[in-house]
Amino acid sequence: MTSSAQTTTATEGPAAAQAGRLRRIGENLTRWLAATAVVPRLLAKAPLTVTFLVAFWLIGLLTGSIVHGPSDSLLRHVGVGTSTITQGKWWTLFSYGLWASGLTPYIVTTLLALVTLLPAERRLGAVRAGAFFLASQVIGALLGIAAIEVGAVAGDVWLQVSVADLHLKYAEGLSVGASVGLTGVGVVLSAGLTALWRRRTRLLLLTMTVLFLFYAGEVLDIMRAGAVFVGLVGGALLIARRRSLRDVRLLPSSYAETRVLVALLAATSALGPGISWLTGSQGGPLAIYEELFIPSNLAAGEVADACAGAGAGTRACTSIRADYLLNNSVAVVTLFVPLLILAVVALGLARGRRMAWWAAIIFEVCLFAATLRYYFYYRGALASDPTTRTAVTVYTMGLLVVPVAVLVILVLTRHHFGLRAEKGTALTFWTITVLAFVIVGAAYIKFGYDARDQFSPVPTFHQMVTDYPKRLLPDSYLILFGTGAAYAFLPVGGWAKALYELAGPIFWLVVLGGLFVAFWRSGARRKEDHAAEAEALLLANGGSPLSYMTTWPGNEYWISGDGRAAVAYRVIGSIALTMGDPYGEPDARRAAVQGFSTFCDEQGWSPCFYSVTGETKDRSDALGWSAVQVAEDTLLRLPDLEFTGKKWQDVRTALNKAGKAGISGHWYTWPTAPLSVQEQVRALSEEWVADKGLPEMGFTLGGLDELDDQRVRILVATDEEGTLHGITSWLPCYRDGRPVGWTLDFMRRSGEGFRGVMEFLIATAALQFKEEGAEFLSLSGAPLARIDRGEQAVPLQRVLDIAGKALEPVYGFRSLLNFKAKFQPEYHPLYMAYPDPAQLAAIGTAIGKAYLPHTTPAQMVRLSRQFTSS
């Protein structure tokens, strides 16, 4: 019998394991299918977008236009341009949007349709979105063609020559592409967005349109500008119909938004040339000096032709060979240094750094001087061509307007950039820069001179020294220093070539990295200790059931200007994360939301009110913020509390069994608790941590450190021998200077103790607080858990639900919420309110660090496994 049983078990074991594996595979497959089904469902609600994209790609495939665009013969019938209108081919105003000029434009157009046409169709409806798309495409093209004709008649060189001759691969300068209509739809769509996203969407679309217009300068870029005008008019009319004309006005920007706008404006000096380089088009009037930011594209044939004309051993040949070498090696990074510097400076401006403001001022002044120097350099070379010389003069004046405009804006908005770096940051940065210059230079000169036979011609020591600064500058900037800056030698050996190519990138990697860190780190701030003032407000007026947690270590405090309200927060990265609602005098709490937000704005932080009640959410909603539920609070009203009826059966059973088992409750504060109780509580906590394999969570979840407070009461359950079976701690909730409620915080129970100890402790506490005259008892919020109210969950809410499910095996938040249901509580959602959805990634990181500030790598691996296995 034993043998038979063992055989049966042995045969059933693998079968059961196989069945389990198949079941898990089936569950995972079902989950993936459900996830992928979202896309078809979404597109099914947008037939216009689906129809357009299918037709767009299908027509491209059938006509062989996907890779290289339509053929010249086809383009003459479907492309749009000045000639098609004069020839009476009006259908091209519609047909040009059904093709693209190559594979990359096909992909970019598809992405643009998904971010403009799709949401526009969802918001405006298919008919209206389609009408705006066609209007933007047709009227935008007509406006663009009209601008070309007028400019050409007026004698503008750009519109006469660049536009006409730019598309040599196409017939008669014709163009195709749907970006014109899609851009117009995007601008119309922005009219119906919130003020924050309307400003950002329009800023992005308008800025990119202007940059493409004046730097790439193609026919489509001119038409796209016309489409933006159509979109602005259409959006204004749309708003006027739905609301009132006052909603069309420009709204003032916050400090943070102003910084972003100024940063983007400053970055345009580099973004424009970058667009020219990426698109391979330099037809715009402001692209004449793009080499100030990006390298010139040299082909091997151009090098050979130049050297054949100038002579193989001449300095001109050596210089162009050096340019070709740098453009086709890792040293190309050096050629992008001006663009990279401006990008890092723009980041600093967006974060409100005073050091970045000064850097931007210096950069724009240098840019103005460099542009002027380039103008005089080219002006002399164009002495024999007065027409082109005049055009270059006009375009240079236009180009000089950019740094001047940026300088004016920087000066006018200087009070927005008052955040100073921590003490010693500037000194550290310059020390690192000087050391990098010296060390890299010493290595280049020393090792280069040792391997001088690997250069051609062989350099002298003096030539090695004078060549080192040239390794750090883009070749186009050497013109600014005169003829003495020409290249004297080139590397021909491996070691010499490595030195020649790596010196510049290594130096600039150190400098840009140091600059980035200086701008990214939190600015220096004078921490004012408002803890006593905030605590006085809390004890006198109270707040939400979680407000006593604001007294815990790690918080800083903002006090309103009138001293009537406070907010507890901690700064993690660029996020100011609050500990619950504002507290203080009741009629001052709503205004504190706006006041704290303004304070954060001035400091360059993004505020996030975490675990707040519906009252704070209502106020943030009025400010146009977003919110999502992050926890579920549970309240027991004590005056009418009675453990009678069938629904209280589990609680009564726990009380009765505790009495029979000799379990009794004892009240203490941690400082007055017997040493034996304290030691057993520590042991229980250590047992919990060891069992979970993850650290205790902090922030809104108290631990042993938070028990050590005279105002916090603890209730322990012990048996007749003094053995601890469980513990709860209770935080006071104040009003008019006295506790009117209590909030459950710390909970631990022995794994081998009385099974109903938590029900016993909570019920005992509820009866005691009721007897003392308390109004309510909060079982505290269960993070990442909520009851189903039948509401449609937004995408972020679904992500949080998934996270709560993944963490359930280790932290049991949902089980905790189900446990609290035994006490028939009132459910009150707790929210996270934030002004800027673009900061969600930073907010998530901040919350994670707040709850788990000391997580080890091994614990993070275990936590990640919970997510991947869920």
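Scoring rules and cut-offs
- Residues numbered from 1 in each chain as written.
- Predicted model: local features only at pLDDT ≥ 70, side-chain atom pairs only at ≥ 80, totals over all residues.
- Heavy atoms only, no water.
- Helix = DSSP H or I, 4+ residues; strand = E, 2+ residues; numbered from the N terminus.
- Buried < 20%, exposed > 50% of the residue type's maximum accessible area, 1.4 Å probe, protein only.
- Contact = heavy atoms within 4.5 Å.
- Areas by Shrake-Rupley, 256 points an atom, 1.4 Å probe, with all protein chains shown as cover.
- Core = buried A, V, L, I, M, F, W, Y, C linked by side-chain atoms within 4.5 Å.
- Patch = residues over 30% accessible without salt bridge, like charges linked within 9 Å, V, L, I, M, F, W, Y side chains within 5 Å.
- Salt bridge = Lys/Arg side-chain N within 4 Å of Asp/Glu carboxyl O.
- Lys, Arg positive; Asp, Glu negative; His and termini not counted.
- Charge placed at Lys NZ, Arg CZ, Asp CG, Glu CD.
- Expected span 1.5 Å × (residues − 1).
- Polar contact = N/O pair within 3.5 Å; in protein donor to acceptor, adjacent residues only side chain to side chain.
- pLDDT = per-residue confidence, 0-100.

Asks: What's the story with the overall build of the protein chain in this structure? I'm lost.
Replies: If you tally the helices and strands in the protein chain, you get 33 helices and 15 strands. When the 870 residues of the protein chain are sorted by exposure, 48% land in the buried category. Once local pairs closer than 6 in sequence are excluded, the contacts in the protein chain between residues at least 24 apart make up 76%. When the accessible surface of the protein chain is totalled, it reaches about 41,000 Å², and 63% of it is carbon and sulfur.

Asks: Could you clarify how one ought to interpret the environment of Val567 in this entry?
Replies: When you line up the elements, Val567 lands in strand S4 (residues 565–572). Considering only alpha carbons, one finds Val567 and Ala534, 33 residues apart in sequence, at a separation of 8.0 Å. When near neighbours in sequence (up to four residues on either side) are disregarded, Val567 contacts Glu556, Tyr557, Trp558, Thr578, Pro582, Phe596 and Phe609.

Asks: How do you make sense of the nonpolar core when you look at a structure like this?
Replies: A general trend in soluble globular proteins is that nonpolar side chains are found buried together. Ile341, Leu349, Leu410, Tyr444, Tyr500, Phe507 and Trp508 are the most contacted members of the largest nonpolar core, which totals 45 residues. Counting only elements with at least two residues in this core, the list comes to helix H13 (255–279), helix H15 (315–327), helix H17 (337–350), helix H18 (354–381), helix H19 (386–412), helix H20 (425–450), helix H21 (461–472) and helix H22 (494–520). In terms of residue count, H22 provides more of this core than any other element does, 10 residues in total. Beyond its immediate stretch of four places on either side in the chain, Leu410 contacts Val262, Leu349, Trp357, Ala360 and Ile361. Grouped together as the second largest cluster of nonpolar side chains are 40 residues, Leu93, Ala113, Leu124 and Ile145 included.

Asks: I would appreciate a short explanation of a positive patch on the surface in the present structure.
Replies: Together, Lys657, Lys660, Arg749 and Arg755 give the surface a local cluster of positive charge. Mapping Arg749 onto the fold places it in strand S12 (residues 738–749).

Asks: Looking at this structure, I do not really get a nonpolar patch on the surface. What am I missing?
Replies: Taken together, the side chains of Val330, Val333, Leu340, Ile432, Leu502, Ile506 and Val510 make up a nonpolar region of the molecular surface, amounting to roughly 480 Å² of accessible area. Position of Ile506 among the secondary structure elements: in helix H22. Owing to a relative accessible area of 43%, Ile506 belongs among the partly exposed residues under this scheme.

Asks: Where do I start with helix H24 (residues 589–603) in this structure?
Replies: For H24, spanning 15 residues, the distance from its first C-alpha to its last is 21 Å, which sits close to the expected 21 Å at 1.5 Å a residue. Buried within H24 we find Arg589, Ala592, Val593, Phe596, Ser597, Phe599, Cys600 and Asp601. Downstream of H24 by a residue or two, Gly604 has a phi angle that is positive, lying close to 80°.

Asks: I would appreciate a short explanation of unusual backbone geometry in the present structure.
Replies: Each neighbour pair has its own omega, and for Ser456 with Pro457 the value is -10°, a cis peptide bond. Along the polypeptide, Pro457 turns up in the loop between strand S1 (455–456) and H21. Unlike most non-glycine residues, Ser611 shows phi in positive territory, near 55°. One non-glycine residue with positive phi stands out, namely Asp736, at about 55°. Here Asp736 shows up in the loop between strand S11 (724–735) and S12. The exposure class assigned to Asp736 is exposed, which follows from its relative accessible area of 69%.

Asks: For this particular structure, what's the right way to read the environment of Met758?
Replies: Its location among the elements puts Met758 in helix H29 (residues 757–771). In the structure, Met758 is positioned 42 residues away from Val716 in sequence and 10.0 Å away in space, judged by C-alpha atoms. Setting aside residues up to four positions removed in sequence, Met758 forms contacts with Gly726, Ile727, Thr728, Met747, Arg748, Arg749 and Phe819.

Asks: Just to check I follow, could you spell out the pattern of salt bridges for this structure?
Replies: Where charged atoms of side chains with opposite charge meet at close range, the side chains can pair. Counted under the stated rule, the structure contains 14 salt bridges. The partner of Lys446 in a salt bridge is Asp450, and the shortest N-O contact between them spans 2.8 Å. On the criterion of helical spacing, the pair formed by Lys446 and Asp450 is a turn pair, its members being 4 residues apart in helix H20. Since its relative accessible area comes to 46%, Asp450 is described here as partly exposed. Of the charged contacts in the structure, one is a salt bridge between Asp562 and Arg564, with a shortest N-O distance of 3.6 Å. According to the relative accessible area criterion, Asp562 is partly exposed, its value standing at 47%. What makes Arg564 partly exposed here is its relative accessible area of 23%.

Asks: Honestly, the side chain of Ser729 in this entry has me stumped. Any pointers?
Replies: Mapped onto the fold, Ser729 is located in strand S11. Here the side chain of Ser729 touches Phe746 through a polar contact of 2.8 Å, landing on its backbone nitrogen. Ser729 has contacts with Leu707, Val712, Arg713, Ile714, Thr743, Leu744, Asp745 and Phe746, leaving out every residue within four places of it along the chain.

Asks: Just checking my understanding: could you explain the confidence of the model for the protein chain for this structure?
Replies: Keep in mind that low pLDDT regions are not for reading the predicted coordinates in detail. Of all residues in the protein chain, 79% attain a pLDDT of 70 or more, and the chain-wide mean is 80. Mean pLDDT values over the elements of the protein chain span from 51, in helix H1 (residues 2–36), up to 94, in helix H10 (residues 179–190). Note that pLDDT drops below 50 for residues 1–12; the model gives that stretch 0 contacts with residues more than four away or on any other chain. Confidence drops under pLDDT 50 across residues 165–171; counting only partners more than four residues distant or on other chains, this segment forms 22 contacts.

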